[in-house]
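# Descriptive analysis of the structure
Here are the chains, one letter per residue:
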Amino acid sequence: MEMTDGRIIKPLPKSGMTFEKIKEDLSKLELPDPYAHFARAFRGPKDVQEVGKYAFERFMSDNGFFSLYLPYMQTIEQEVIAMGVSLLNPTETSTGNFTSGGTESNFSALHAARNWARDHKPHIKKPNIVAPFTIHPSFQKASRYLDIEVITTELDENGRGVAANIAAAVNDNTIMIAASAPSWHYANIDPIPEIAAVAVDANLWMHVDGCIGSYISPFLEMLGEKLTPWDFRVPGVMSISADLHKFGYCQKPASTIFWREAALQDYHYVAIDDPFLGPYKLAGFSGSRSAGPIFAAWAVFNYLGEEGYLRLARRLLDLKEKFTKGVNAIEGLRMWDVDVMPLHFHSEKAPTSAVYQGLLDKGWLMLGLVNPEAITIAADAALSDEDADLFLADLRQVTEAILAGGTAQKGDIRYS
Ligand SMILES: Cc1ncc(COP(=O)(O)O)c(C=O)c1O
């Protein structure tokens, strides 16, 4: 039934469809590989996906609600936390929590920092946080839930935050400084040691958004890449968000939030004593949740081990080189220099948004940036050389056609 405003109200089918028909209908919706590869990011190679899928399916109907109490699930979740935090140069009591994604991990950090500030800076009634301009929008979102102001500061010419700008923006109502390792926007790591020193001086909570970097940078460093220190080895870093469903190659939705000291984790928990139900204290924001992602993360961690993650990090470096050479070899296109991932490029001759539209027309579902305009290559270790070559060939064709005076309809570049 169509409503006056165009909405459709559709009744449930009177009698259910067959499983066959459901499979048939759903398979028509599936996004085609490799064209949807970059929008599906991030995935490990097929064998890694199979391992995660096996564990996910076996435990998807179990309720992660009980992860702080039921021993079989508690052990698995705690092992994921223990293995995750081991990568971040932890202190003796560093620990963490499993969450549904980067947004929830960043929300959890802000929430804990706000509670911490109520103890340590009780005069603050209108809290704010200070961060470089490239801080992920999940901070703006979480801040709206929590009624916190976000003050953003200018970057340097390489798209990194500047400690002096942050120091200048801190005021009497600041509770936290947040920075990225790396940011999505420029994929560069902010100067965390300098920024954390500002936080230490002003007695502020320092959070590092390591959603992209936390499960890839430790392995890049083991391979000899020189990265700005960004984890708990930096004095003052109090929390780090780290997405399992990005370069941890675990099934979505899965992320982790780590606390420098166990005592900081107390600011995360919300313990309710319900008059009818008794104590109500859960691992994170969700109530009932599938235990599938927790078991999948455990399975993927154990399947890959350090050697597996190193192999995938090496593969990512090879892809980075391949894309960088391939994109820069196309007239007018420039790949950006990035510390980690994702890759971004822009066009100096044909409008970037027209190249973006050309790729969409060829079926490539791409993400991008609007200011400055850029196209994002969210490469992961599941991408084959053949698929990367196909993408580069299409990109060349699209760009050359525009430069030769073909149609150049500008697309609507989107990150989300
Ligand atoms: C730096 C950074 N932080 C946070 C997020 C949010 O992660 P999610 O989409 O898993 O909530 C992203 C997502 O791309 C990100 O790049």
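Just above, that's the structure.
## What about the site of the ligand?
- Every one of the 14 residues lining the ligand counts as a neighbour, but Gly-101, Gly-102, Thr-103, Trp-184 and Cys-211 are closest to it.
- When residues in the shell around the ligand are grouped by element, the largest group, three residues, is from helix α5 (residues 102-120).
- Residue classes in the shell around the ligand are distributed as three nonpolar, nine polar and two charged.

## Things to note about the sheet that holds strand β12 (residues 367-370)
- Strand order in this open sheet of four strands is β10-β11-β13-β12, and the pairing throughout is antiparallel. Two strands bound the open sheet, and with one partner strand each, they are β10 (333-335) and β12. Each adjacent strand pair in this sheet contributes to an overall mean axis angle of 30°, direction not counted.
- One ladder, built from three bridges, connects β10 with strand β11 (residues 343-347); its direction is antiparallel.

## Describing the sheet that holds strand β4 (residues 174-180)
- Ordered by their spatial adjacency, seven strands build an open sheet running β1-β7-β6-β5-β4-β2-β3, and the pairing between neighbours is mixed. A single partner strand is all that each edge strand has here, and the edge strands are β1 (95-99) and β3 (149-153). Each strand of the sheet is rotated relative to its neighbour by a mean of 20°, with strand direction disregarded.
- Two strands pair when backbone bridges link them, and strand β2 (residues 128-132) and β4 are joined in this way by three bridges, in the parallel orientation. By the bridge assignment, Ile-129 is partnered in β4 with Met-176.
- Sitting on the sheet, helix α6 (residues 137-146) touches β2, β3 and β4, and the angle it makes with β3 is about 155°.

## Some points on unusual backbone geometry
- Ala-41 connects to Phe-42 through a cis peptide bond whose omega is 10°.
- Residue placement: Phe-42 occurs in the loop between α2 (37-40) and α3 (46-59).
- Each neighbour pair has its own omega, and for Met-341 with Pro-342 the value is -5°, a cis peptide bond.
- With a phi angle near 50°, Asn-89 is a residue other than glycine that sits in the positive phi range.
- Within the secondary structure layout, Asn-89 lies in the loop between α4 (71-86) and β1.
- Among the residues examined, Asn-89 registers 15 C-beta atoms within 10 Å and is labelled partly exposed.

Rules of the game
Residues numbered from 1 in each chain as written. Predicted model: local features only at pLDDT ≥ 70, side-chain atom pairs only at ≥ 80, totals over all residues. Near = placed C-beta within 6 Å. Helix = DSSP H or I, 4+ residues; strand = E, 2+ residues; numbered from the N terminus. Nonpolar A, V, L, I, M, F, W, Y, C, P; charged D, E, K, R; others polar. Pairing = 2+ DSSP bridges. Axes fitted to C-alpha atoms, helices over the stretch in contact; angles between N-to-C directions. Contact = placed C-beta atoms within 7 Å. Buried ≥ 20, exposed ≤ 12 C-beta atoms within 10 Å, placed from the backbone.

All we've got here are geometric facts, nothing functional implied.
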